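Here are the chains, one letter per residue:
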Amino acid sequence: MKKNKKDSGNGQDNEFMSGLEKMKQDLRKDSKLKKTGLKKDITEELEVEELEGEIEVLRDELKECKNVEDEYIDRIKRLQADYDNYRKRTIKEHLEHIKRANKDLISNLLPIIDNFEMALDVDKKIGRTEGEFFKGVKMIYNNLLELLKKENVTVIEPIGKEFDPRICEAAVTEAVDDIEEGRVLEILRKGYMIDDFVIRPAVVKVCKKN
């Protein structure tokens, strides 16, 4: 009977020890799981922080690239504006050069036109307007006027208008009762313009009260 009691006691002790060992294993496992989970959480947190840092760096780089882009665009716009101004200025200077060249050429033609007009006036005064000579002179004169017209040359017409020293030269004055002082009475020599350029001012008679 004593032997059975002893055997029974050893069995209980073994069971207790097995349970205790299992509990220790479970605790180790649980601890290991907790450590693994904690490590995983820390790793994920570090990865998030690293990604956020990279995103911030990329944002800064993007901002810098945007600033550089804006600077280049602004520089291109300034260069384009400078080129447009240069092109417009060059075209304007070229046109003015052409006008000045035309002005010099036309200035040399004006005395010839004056001579044709005087010759035609003489023929008209003596009544010689039906002859071939008059017709030939008239034809050449008309051709010259047509040439001037094609070059945008216009005759200055100041009669009845207030004297303008920019386009007229006063050679003679005369007092006329029913005309305001300063008005142009007569053209003594024709004046010509090409656009805004005065090729030759008109020589005129101006009304001036005594």
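Definitions and limits used
Residues numbered from 1 in each chain as written. Predicted model: local features only at pLDDT ≥ 70, side-chain atom pairs only at ≥ 80, totals over all residues. Heavy atoms only, no water. Pairing = 2+ DSSP bridges. Helix = DSSP H or I, 4+ residues; strand = E, 2+ residues; numbered from the N terminus. Axes fitted to C-alpha atoms, helices over the stretch in contact; angles between N-to-C directions. Expected span 1.5 Å × (residues − 1). Buried < 20%, exposed > 50% of the residue type's maximum accessible area, 1.4 Å probe, protein only. Arc of directions from axis to C-beta. Contact = heavy atoms within 4.5 Å. Patch = residues over 30% accessible without salt bridge, like charges linked within 9 Å, V, L, I, M, F, W, Y side chains within 5 Å. Areas by Shrake-Rupley, 256 points an atom, 1.4 Å probe, with all protein chains shown as cover. Salt bridge = Lys/Arg side-chain N within 4 Å of Asp/Glu carboxyl O. Core = buried A, V, L, I, M, F, W, Y, C linked by side-chain atoms within 4.5 Å.

A. Molecular detail of the sheet that holds strand S2 (residues 168-174). Overall, mixed pairing links the 3 strands, which are arranged S2-S6-S3 in an open sheet. Where the open sheet ends on each side, the last strands, each with one partner, are S2 and strand S3 (184-189). Neighbour-to-neighbour, the strand axes of the sheet open up by a mean angle of 30°, direction not taken into account. Two strands pair when backbone bridges link them, and S3 and strand S6 (residues 202-207) are joined in this way by 4 bridges, in the antiparallel orientation. Bridge pairing in S6 links Val184 to Val206.

B. Broad picture of helix H2 (residues 132-150). Compared with an ideal rise of 1.5 Å per residue, which puts 19 residues at 27 Å, H2 spans 27 Å between its outermost C-alpha atoms and is within 8% of the ideal. Of all the positions in H2, only Phe134, Val137, Tyr141, Leu144 and Leu148 are classed as buried. Around the axis of H2, the buried residues are gathered within 95° of arc, so they sit on the same side. Relative to its buried face, H2 has exposed residues pointing more than 90 degrees away, namely Glu132, Met139, Lys149 and Lys150. Immediately beyond the C-terminal end of H2, within one or two residues, lies Asn152, with a positive phi of roughly 65°.

C. Up close: the sheet that holds strand S4 (residues 192-194). Pairing is antiparallel across the open sheet formed by 3 strands, whose spatial order is S1-S4-S5. In this open sheet, the two strands that pair with only one neighbour each are strand S1 (153-155) and strand S5 (197-200). Each neighbouring strand pair of the sheet contributes to a mean axis angle of 35°, computed without reference to strand direction. For S4 and S5, the ladder comprises 3 bridges, and the chain directions are antiparallel. Paired with Tyr192 across the two strands is Arg200, which belongs to S5.

D. Structural view of the pairing of S6. For S6, the buried fraction is high: 6 of the 6 residues fall into the buried class. Both faces of S6 are covered, namely the face carrying Ala202, Val204 and Val206 and the face carrying Val203, Lys205 and Cys207. The sheet contact formed by S2 and S6 spans 6 bridges and is parallel. Each residue of the ladder has a partner; that of Thr173, found in S6, is Val206.

E. The side chain of Asp123, seen in detail. Relative to the helices and strands, Asp123 resides in helix H1 (residues 2-125). Relative accessible area serves as the criterion here: at 2%, Asp123 is assigned to the buried category. When near neighbours in sequence (up to four residues on either side) are disregarded, Asp123 contacts Arg128, Thr129, Phe133 and Phe134.

F. A nonpolar patch on the surface, seen in detail. Where nonpolar side chains cluster on the molecular surface, the patch consists of Val68, Tyr72 and Ile76 and spans about 300 Å² of accessible area. Among the structural elements, Val68 can be located in helix H1.

G. Summary view of the pattern of salt bridges. Here the structure, examined in full by the defined rule, presents 10 salt bridges. Between Glu117 and Lys190 there is a salt bridge, with the nearest N and O atoms lying 3.0 Å from each other. With Glu117 in helix H1 and Lys190 in the loop between S3 and S4, this pair connects stretches of sequence that are 73 residues apart. Using a relative accessible area of 31% as the deciding quantity, one classes Lys190 as partly exposed. A salt bridge links Glu186 to Lys205, with the nearest nitrogen and oxygen atoms 3.3 Å apart. One end of the pair, Glu186, is in strand S3; the other, Lys205, is in strand S6, and 19 residues separate them in sequence. A residue is classified by how much of its surface remains accessible, and Glu186, at 36% relative accessible area, is partly exposed. Ionic contacts of the salt-bridge type, sharing partners, join the residues Glu174, Glu186 and Lys205 into one network.

H. Just the nonpolar core, in detail. The biggest cluster of nonpolar side chains holds 14 residues, and the ones touching the most others in it are Ile106, Leu110, Ile113, Leu148, Val153, Tyr192 and Ile199. Elements represented by at least two residues in this core include exactly H1, H2 and S4. Leaving out residues up to four positions away in the same chain, Ile113 has contacts with Tyr141, Leu144, Leu148 and Tyr192. Residues Cys168, Val184, Val204 and Val206 belong to the second largest nonpolar core, which totals 7 residues.

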